[in-house]
Amino acid sequence: MKKNLLLISTRAITLNNFFDKFIRTKKFNFILGCYDPNNLKYNNRKIKLHFDLSFFRLINPLFFFLKLFKNYKILNEIKPDYILINTPLASLYLRLVVFFLKKKSIYIVHGF
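Quantities reported herein were computed from a predicted structural model and do not represent experimental measurements.

## Digging into helix 4 (residues 61-78)
Look at helix 4: 26 Å from first C-alpha to last across 18 residues, which is about the 26 Å you get at 1.5 Å a residue. Within helix 4, burial applies to Phe 64, Lys 67, Leu 68, Asn 71, Ile 74, Leu 75 and Ile 78. Along the axis of helix 4, the buried positions cluster into a sector of 130°, meaning they face one direction only. Opposite the buried face of helix 4, by more than 90 degrees, sit the exposed residues Pro 61, Leu 62, Phe 65 and Glu 77.

## Some details on the nonpolar core
Of all hydrophobic cores here, the largest spans 20 residues; its most connected members are Leu 6, Ile 8, Leu 49, Phe 51, Leu 75 and Leu 94. For this core, the secondary-structure elements that each account for two or more residues are strand 1 (4-8), helix 4, strand 4 (82-85) and helix 5 (88-101). The element that contributes the greatest number of residues to this core is helix 5, accounting for seven residues. Judged by nonpolar contacts, the second largest core, of 12 residues, contains Leu 5, Ala 12, Leu 32 and Leu 84.

## Some words on helix 5
In a regular helix each residue adds 1.5 Å, so 14 residues correspond to 20 Å; helix 5 covers 20 Å between its end C-alpha atoms and thus fits that length. Of all the bends in helix 5, the greatest measures close to 30° and is centred on Leu 94. Those residues of helix 5 that sit buried are Leu 89, Ala 90, Ser 91, Tyr 93, Leu 94, Val 97, Val 98 and Leu 101. Its buried side turned inward, helix 5 meets strand 1, helix 3 (55-59), helix 4, strand 4 and strand 5 (105-107). One or two positions beyond helix 5, positive phi appears at Lys 102, with a value near 60°.

## Considerations on the sheet that holds strand 3 (residues 45-48)
Taken in spatial order, the five strands line up as 3-2-1-4-5 in an open sheet, and their pairing is parallel. Edge positions in the sheet fall to strand 3 and strand 5, since each of these pairs with one other strand and no more. Each strand of the sheet is rotated relative to its neighbour by a mean of 20°, with strand direction disregarded. Pairing between strand 1 and strand 4: four bridges, direction parallel. The partner of Leu 6 across the bridge, within strand 4, is Ile 83. Helix 4 rests against strand 1, strand 2 (29-34), strand 3 and strand 4 of the sheet, and its axis sits at about 155° to strand 3.

Cut-off values and rules
- Residues numbered from 1 in each chain as written.
- Predicted model: local features only at pLDDT ≥ 70, side-chain atom pairs only at ≥ 80, totals over all residues.
- Heavy atoms only, no water.
- Helix = DSSP H or I, 4+ residues; strand = E, 2+ residues; numbered from the N terminus.
- Expected span 1.5 Å × (residues − 1).
- Buried < 20%, exposed > 50% of the residue type's maximum accessible area, 1.4 Å probe, protein only.
- Arc of directions from axis to C-beta.
- Core = buried A, V, L, I, M, F, W, Y, C linked by side-chain atoms within 4.5 Å.
- Bend = angle between axes of the 7 residues up to and from the residue.
- Contact = heavy atoms within 4.5 Å.
- Pairing = 2+ DSSP bridges.
- Axes fitted to C-alpha atoms, helices over the stretch in contact; angles between N-to-C directions.

Shown next, in the form of structure tokens:
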């Protein structure tokens, strides 16, 4: 039985361009999560995750924790086996969510 892997990025363009070969291997049941899932070119299961892309809302604690709670509910419902986080903004929100769900995640740091 294939494991469910939640692959998260802030925008769909990152998943489309950089994870194409990985997603096509079909070694996992991929669940793709991003801010704009309608722009994904894959037929896999897609979920909309909540990120604040404006700096004002990002530093506002009320908006931050509201988005954190929305993402917590989404991830708690789908119950992925593995979580792979790709971009810094997605990491900011989802590494906290993963901690509260008591799951393990992989965060890819790049672009230095």
